[in-house]
Amino acid sequence: MEKKIAREPMLANRVTLRIHFAPLTDEELIPVRAQMHPILAATPERLLVAADTAYRHGVLRPWSHLLRWLMSLGSTPDNPPTKQQLEQALTLMAGRKIRL
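Residues numbered from 1 in each chain as written. Predicted model: local features only at pLDDT ≥ 70, side-chain atom pairs only at ≥ 80, totals over all residues. Heavy atoms only, no water.

Colleague: How should I be thinking about a nonpolar patch on the surface in this particular structure?
Modeller: Together, L17, I19 and F21 line one region of the surface with nonpolar side chains, adding up to about 410 Å² of accessible area. The residue L17 is located in the loop between α2 (9-14) and α3 (26-36) in this model. (Patch = residues over 30% accessible without salt bridge, like charges linked within 9 Å, V, L, I, M, F, W, Y side chains within 5 Å. Areas by Shrake-Rupley, 256 points an atom, 1.4 Å probe, with all protein chains shown as cover. Salt bridge = Lys/Arg side-chain N within 4 Å of Asp/Glu carboxyl O. Helix = DSSP H or I, 4+ residues; strand = E, 2+ residues; numbered from the N terminus.)

Listed below in structure tokens is the structure:
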């Protein structure tokens, strides 16, 4: 990224701060997901870890998209998603079959 910015003098002149973001580990993601929404807090941790391993790979932003799909499939805090609902939501997002 630094090389790309350096090649464009007008851009390099305007970028005053660079922050590197890296995927989160499972240990970092578990409490964050629980705080994002009650549905994710109610979902068994093993399913969330499996979903992250299968598709999310430690990136936080797509969890909000997954949450919207889970809600459209009928998940609520009192009725958290099943393995099948997670697979269905991830499949819809990925455009290919995702198995947990």
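Okay, back to it.
Colleague: It is not clear to me how a positive patch on the surface should be interpreted in this structure. Could you clarify?
Modeller: Taken together, the side chains of R46, K83, K97 and R99 make up a positively charged region of the molecular surface. Along the polypeptide, R99 turns up in the segment after α7 (83-94). (Lys, Arg positive; Asp, Glu negative; His and termini not counted. Charge placed at Lys NZ, Arg CZ, Asp CG, Glu CD.)

Colleague: What am I meant to see in the packing of helix α5 (residues 45-56) against α7 here?
Modeller: A pair of packed helices is characterised by two quantities: the angle between their axes and the separation of those axes. Interhelical geometry of α5 versus α7 gives an angle of 20° and a closest axis separation of 11 Å. The angle between the axes of α5 and α7 places the two elements in the roughly parallel class. Crossing of α5 against α7: the hand is right-handed. Contact residues: α5 offers L47, A51, Y55 and R56, while α7 offers K83, L86, L90, M93 and A94. Per-class residue counts for the contact of α5 with α7 are seven nonpolar, no polar and two charged. (Axes fitted to C-alpha atoms, helices over the stretch in contact; angles between N-to-C directions. Parallel < 35°, antiparallel > 145°, perpendicular 65-115°, else oblique. Left-handed = near helix turned anticlockwise from the far one by under 90°. Contact = heavy atoms within 4.5 Å. Nonpolar A, V, L, I, M, F, W, Y, C, P; charged D, E, K, R; others polar.)

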